[in-house]
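Structure assessment
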Amino acid sequence: MALVDVIRLCLDSIRQMSDHIEDAILYLDAGCTEAFQCLGAFPLFLELGARAVCSLENMSAFDTVVDWNSHFDSAKKMVVITSRLLSDAHRYILRCLSTHKTILHCAIFTSISEMGHSAYADSPLGPEAFREYESLLLQDYEEHVRMYETREHSSPEDGEWKQSEEGSIKERGVSEDEGWSQLVSSEEAIPHPEASFSGRDLEETSSRSCNDDLWKKLDVCVRHFPMVMCPLSPRVFALPSEGTVAEACLSTEHEDSLSPGLPPISTGLPPDGDETPPGATLTAEFLYHLAAKMDLKMEIFSLGDLSKTIGKIMTNMSSLYDVGRRKRSAGLLLVDRTLDLITPCCHGDSLFDRIFSSLPRKERTTSSAHGKGSQIQNKHVPASLQRGRLDVQIPLAKILGKEESATYGSELPANVEAFLCGWNSSNSASPTGDLNNPSSKICSEKCVRSEIGLLNGSFVSTENYQGVHYLESILDKRTKEGTLLIKKWLQEDLRRQKLIVDTRTRPGLTKTSELHTMVKALAENQSSLMKNRGIIQLTAAAELALSEPHASHWDAFISAERILSVSAGDTSQSLSAQICDLINKSVLVRSQNMESSQGLLSFQDALLLAIIGYILAGENFPTSGSDGPFSWQEEHLLKESIVDAILENPAAAKLKFLHGIAEELECNVNKIKPEKPKEPTIDDFDDDQWGNWGDEDTDHNNEQVYDDMQLKLELRDRVDNLFKLFHKLSSLKNRQSMLREGPLGLESNYGGDPYMSKGLLYRLLTMILSKFDIPGLHYHSSTVGRIFKSGFGRFGLGQAKPNLGDQSVILIFVVGGINGVEVREAQEAFSESGRPNIELIIGGTTILTPENMLDLLLGSSSYT
């Protein structure tokens, strides 16, 4: 029986589109670019015959010029792969068709199924979404061609054509298809025909004489392509952050909600209304089609209220045909992220988490989660949920540099400098001969250094060393183990390249310096650089994460979290005093102009630690106070510390619970700053002014005192709302019944760590593989099972409930996201079980870092 491999599954799904991709211009939206970058699919696209692979959102008329397969005729085919709703991608697709006039065949692949489009509240498409969209796209394209014809036959003056276009747009604004009229109602969405003249000239299109029936020749087909995911290894995956599934809200705003990006608190009670969050529907659709692609018959189990809803949707989607087919049996376990918030909030011992938190991310391509075609119908659902992109940027300029320079940091090799000079658009008018001479005046050092940012690498899950995937090996390693493994790979590569590097440990030589010496030797030769690009990029990422300021900052968090964990085992007074001390120290960092790069924690860091402290307090002191785990006096001191910290630190105004008073806080800080005393003049001692001496100052001081008092009162109200969130977090264990009972409710120290307990996934897998009963675990009966239960059950022919631990394949999907520590702990539980015949696959909505959790709970993506 073949092993389940999500990387191979994604690549095979792409190969099934080979007929469409061959000789076509391929457009990918931001979510697909993120997924296929991680997958390493771009060489496969070119292998299948794609003319060019381009960005959908940033399309250009010159996209047809860059032909990697050296075709001399005009492009007739176009393929679009999108991770969004068709209504969101519509304006970009129409822009591509309007720019490239020679396209006759357009194939569109979307990761959202027809059922997903019809079930999504913001989508204007119905049950036959694909056929409807094909018709609507042709209609809009026909109208655009007619607008082009009007321009061709009208006066050459731009004013007349613009008026004609505006009139046509206004007519469209009152048409029946309101959801689609907005998509192409702006000049920004669809370029004017003259804006794409260079594309028509370069293509040398011969279709100018047949514009009358150009739109009739266009052939459009829409297909479902569900395999849009970011596989970190053959058995670990997440969803692309700029895709509709990951951006869809997981909870509506009510008393049990924490963030639109997290499931609501699981109370075990049925929801108040019949409304299902869009994220639940789309997640169920994705997992259902993923199981179909894997050719697996899923036995669905869920833990948590939202996971139970997703399981019900998936069960309702199944049919007798699906159940009757002979498929390999597998178990699917859905878990709510809110059942364990402390694990992603903490800074665990994981090299992958250190790297992922330290590396800069690529900027988001889209500004909001919903395109212009989406019309928000529910006021309680936020319009957007922006998650951090998963494709990180690995700085390579330091490794590719020849020698250190006091001015620019490193001197780049001549071939790299020539490439950067040619890349710089400001030198496009210069002679091509100058590009081969980096010392020329045209290609100045300033130009080169400004483009060093282009020298960034990225993680590709298919990169491997003798069949062992780099990312897969790093995911289940602690920091020290992972660093030693990278060093071992480097030494073996250097030995194969017959390169001699002195790696003996010398006094003062750090681990990162040792890694840097070896990787620079490996990247010295261009052929060696390309051959060993995988380990070179991984080493560069590890070097950044283990160097300053990232290493000391992460270690400071670990130290503070251990102190909080020890204090939680003592008394509530001790824990509250530690939280208060961390907040006060953050004020000290600000007042002395000391950066967190020195290993000290900022105010935002202290708030994250306060969140961890309140979760620990709720687990250890559930009855200390009426409204929280601490007494009134302890909580009052915490509130005052936070108020004082905010007044000292205006940067805290970026948090969502302080929106609206940011300017006042900034002005308050500026008032506190001492001003230079004004030198007195003779006019200041005028006798006529002595009669009113002190009156103006008194009025001004009274007004200032009143304003300061108003600001403090408003700030205290905001802080009170913040502590309502803290109280929610402290009540998680008591409100979620499955965490109060059985082994899941124990503060387990399976690994012997006296400070931090294992996460929920470790405890779940340990119980599942040991075939123990799990409180709150719900089994979703299949179609055949429901028939047996309702009909034949009366005759004693009911279907027995399967055991998740008996399955040969177990897929765990965490609704809300996962992190590297959980993957490592899951692998540890799997190894300790002594059952190597089981295949374990782990997935999540996204990859979470502590910074992501702070944003979800207190930042722009929160309900606070």
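Residues numbered from 1 in each chain as written. Predicted model: local features only at pLDDT ≥ 70, side-chain atom pairs only at ≥ 80, totals over all residues. Heavy atoms only, no water.

1. Some details on the overall build of the protein chain
Let me state the cut-off plainly: Only DSSP runs of H or I covering at least 4 residues are called helices, and only runs of E covering at least 2 are called strands; the numbering of each starts at the N terminus. Note on exposure labels: buried denotes an accessible area under 20% of the residue type's maximum, exposed denotes more than 50%, and partly exposed covers the range between, all computed with a 1.4 Å probe on protein chains only. In what follows, a contact means two residues having at least one pair of non-hydrogen atoms within 4.5 Å. Areas reported here follow the Shrake-Rupley algorithm with a probe of radius 1.4 Å; residue values treat only the protein chains shown as occluding.
A count of helices and strands for the protein chain gives 37 helices and 18 strands. For the protein chain, buried positions account for 54% of its 864 residues. The long-range share in the protein chain, meaning contacts at least 24 apart out of those at least 6 apart in sequence, stands at 80%. A total of about 39,800 Å² of accessible surface is found on the protein chain, and carbon and sulfur atoms cover 51% of it.

2. Looking at a nonpolar patch on the surface
Heads up, the rule is: Each patch is built from salt-bridge-free residues with over 30% relative accessible area, joining like charges within 9 Å and nonpolar side chains (Val, Leu, Ile, Met, Phe, Trp, Tyr) within 5 Å. Take a side-chain nitrogen of Lys or Arg and a carboxyl oxygen of Asp or Glu: if they are within 4 Å of each other, that pair is a salt bridge.
Together, Phe-62, Val-65, Val-66 and Trp-68 make up an exposed nonpolar region whose accessible area comes to about 430 Å². Its location among the elements puts Val-65 in the loop between strand 2 (52-55) and strand 3 (77-82).

3. Points about the environment of Lys-297
Applied cut-off: Whenever a nitrogen or oxygen atom comes within 3.5 Å of another N or O atom, the pair is scored as a polar contact, on the condition that within protein one atom can donate a hydrogen and the other can accept it, and that pairs from neighbouring residues in sequence are kept only if both atoms are in side chains.
Here Lys-297 is to be found in strand 8 (residues 296-303). Along the primary structure Lys-297 and Ala-330 are separated by 33 residues, whereas in three dimensions their C-alpha atoms are 5.9 Å apart. Side-chain polar atoms of Lys-297 contact the side chain of Glu-299, separated by 2.7 Å.

4. A look at the nonpolar core
Proteins that are soluble and globular tend to have nonpolar side chains buried together. Applicable threshold: As used in this record, nonpolar core signifies buried Ala, Val, Leu, Ile, Met, Phe, Trp, Tyr and Cys residues forming a set joined through side-chain atoms within 4.5 Å.
In terms of nonpolar packing, the biggest core is built from 136 residues, with Ile-14, Phe-36, Ile-81 and Leu-290 touching the most fellow members. In terms of residue count, helix 13 (residues 278-294) provides more of this core than any other element does, nine residues in total. With residues up to four places along the chain from it excluded, the contact list for Ile-14 reads Ile-21, Phe-36, Leu-39, Ala-41, Leu-44, Phe-45, Leu-48 and Phe-225. Core analysis: the next-biggest nonpolar cluster, separate from the first, contains 60 residues, Cys-345, Phe-621, Leu-638 and Ile-661 among them.

5. Focus on helix 29 (residues 632-648)
Two residues of an α-helix separated by three or four positions point the same way, owing to the 3.6 residues in each turn. What counts is decided by this rule: Here a helix's expected span is defined as the number of its residues, less one, multiplied by 1.5 Å.
In this model helix 29 runs 24 Å from its N-terminal to its C-terminal C-alpha over 17 residues, within 8% of the 24 Å that 1.5 Å per residue would give. Among all positions in helix 29, only Glu-634, Glu-635, Leu-638, Ser-641, Ile-642, Val-643, Ala-645, Ile-646 and Leu-647 are buried.

6. Details of the packing of helix 26 (residues 550-568) against helix 28 (residues 603-620)
We count it as follows: Orientation is described by axes fitted as lines to C-alpha atoms, over the contacting stretch for helices, and by angles from 0 to 180 degrees between their N-to-C directions. Here the word oblique covers every angle except those under 35 degrees (roughly parallel), over 145 (roughly antiparallel) and from 65 to 115 (roughly perpendicular). Each crossing is labelled by how the near helix is turned from the far one, with a counterclockwise turn of less than a right angle marking it left-handed and a clockwise turn marking it right-handed. Residues are grouped as follows: Ala, Val, Leu, Ile, Met, Phe, Trp, Tyr, Cys and Pro are nonpolar; Asp, Glu, Lys and Arg are charged; all remaining types, including Gly, are polar.
At a minimum axis separation of 10 Å, helix 26 and helix 28 run at an interaxial angle of 25°. By the criterion of interaxial angle, the relationship of helix 26 to helix 28 is roughly parallel. The two elements helix 26 and helix 28 cross, and the hand of that crossing is right-handed. Contacts from His-553, Phe-557, Ala-560, Glu-561, Leu-564, Ser-565 and Ala-568 in helix 26 reach Asp-605, Leu-608, Leu-609, Ile-612, Gly-613, Leu-616 and Asn-620 in helix 28. Grouping the amino acids of the contact of helix 26 with helix 28 by side-chain chemistry returns eight nonpolar, four polar and two charged.

7. Some details on the pairing of strand 18 (residues 839-844)
Stated formally: At least two bridges found by DSSP between two strands are what make those strands a pair. When the strands point away from the viewer, a crossover counts as right-handed if the route from the first strand across the helix to the second turns clockwise.
Within strand 18, six of the six residues are buried, which leaves it mostly tucked inside the rest of the structure. Two elements, strand 7 (residues 236-238) and strand 18, share three bridges in a ladder whose sense is parallel. Of the residues in strand 18, the one forming a bridge with Ala-238 is Gly-844. In this sheet, strand 18 lies alongside strand 17 (residues 809-815) in parallel orientation, the contact comprising six bridges. Residue pairing in the sheet places Val-814 in a bridge with Gly-844 of strand 18. Taken together, strand 17, helix 36 (residues 820-833) and strand 18 form a β-α-β motif whose crossover is right-handed.

8. Here's the deal with the sheet that holds strand 3
Across the sheet, which stays open at both edges, the five strands sit in the order 2-1-3-4-5 with parallel pairing between neighbours. At either end of the open sheet lies a strand with only one pairing partner, and these are strand 2 and strand 5 (219-224). When the angles between neighbouring strand axes are averaged without regard to direction, this sheet yields 20°. Examined bridge by bridge, strand 3 and strand 4 (residues 105-110) share six bridges and lie parallel to one another. Looking at the pairing, Thr-82 lines up with Thr-110 of strand 4. With respect to the sheet, helix 3 (residues 30-39) is in contact with strand 1 (24-28) and strand 3, its orientation differing from that of strand 1 by roughly 100°. Each of strand 1, strand 3, strand 4 and strand 5 is contacted by helix 5 (residues 86-99), which is oriented at about 155° to strand 3, the strand it contacts most.

9. Focus: the side chain of Glu-134
Among the structural elements, Glu-134 can be located in helix 7 (residues 129-153). The residues touching Glu-134, leaving out its near neighbours within four places in the chain, are Val-220, Cys-221, Val-222 and Arg-223.

10. Quick look at helix 17 (residues 351-358)
Most of helix 17 sits out of view: seven of its eight residues are buried. Among the residues of helix 17, Leu-351, Phe-352, Asp-353, Arg-354, Ile-355, Phe-356 and Ser-358 are the ones counted as buried. Looking at the buried side of helix 17, the elements it contacts are strand 6 (230-233), helix 21 (470-475), helix 22 (479-496), helix 25 (533-546), helix 26 and helix 36.

11. Examining the sheet that holds strand 7
The seven strands lie next to each other as 6-7-18-17-9-8-16, forming an open sheet whose pairing is mixed. For this open sheet the edge positions go to strand 6 and strand 16 (778-780), each flanked by a neighbour on one side alone. Between one strand and the next, the sheet's axes are offset by a mean angle of 25°, whatever the strand orientation. Pairing between strand 6 and strand 7: three bridges, direction antiparallel. Paired with Ser-233 across the two strands is Val-236, which belongs to strand 7.

12. Describing the pattern of salt bridges
In this structure the tally under the stated criterion is 26 salt bridges. One connected set of salt bridges, linked through shared partners, spans Asp-349, Arg-478, Lys-758, Arg-824 and Glu-828.

13. Thoughts on the packing of aromatic side chains
To keep things clear, this is the line we draw: Note on aromatic contacts: the rings of Phe and Tyr and the six-membered ring of Trp form a pair at centre separations within 6.5 Å, being stacked when their planes are under 30 degrees apart, edge-to-face when over 60 apart, and tilted otherwise.
All told, the structure shown has twelve aromatic pairs when counted by the stated rule. For the pair Tyr-614 and Phe-723, a centre-to-centre distance of 5.9 Å together with 80° between the ring planes defines the contact as edge-to-face. A residue pair is termed long-range when its members are at least 10 positions apart, and Tyr-614 in helix 28 and Phe-723 in helix 31 (residues 695-730) qualify at 109 residues. A relative accessible area of 1% means that Phe-723 is categorised as buried. An aromatic cluster is built from Phe-36, Phe-42, Phe-45 and Phe-225, whose rings are joined through pairwise contacts.

14. Details of the environment of Thr-343
You can see Thr-343 is positioned in helix 16 (residues 342-345). Classification of Thr-343 by relative accessible area gives buried; the value is 13%. For the pair Thr-343 and Leu-848, spaced 505 residues apart in sequence, the C-alpha to C-alpha distance is 10.0 Å. Residues in contact with Thr-343, not counting those within four places in the same chain, are Arg-337, Gly-759, Asn-819 and Glu-822.

15. Looking at the state of the cysteines
Definition in use: Two cysteine sulfur atoms form a disulfide, by the criterion used here, when they sit within 2.5 Å.
Overall, the coordinates contain zero disulfides when judged by the stated rule. Cys-10 takes part in no disulfide bond, and the closest cysteine sulfur to it belongs to Cys-230, at a distance of 9.2 Å. With a relative accessible area of 1%, Cys-10 lands in the buried category. Cysteine Cys-38 is unpaired, with the sulfur of Cys-230 as its nearest cysteine sulfur at 5.2 Å. A relative accessible area of 10% places Cys-38 in the buried class.

16. A look at the side chain of Gln-537
With respect to the helices and strands, Gln-537 occurs in helix 25. Setting aside residues up to four positions removed in sequence, Gln-537 forms contacts with Ile-394, Leu-396, Gly-457 and Ser-458.

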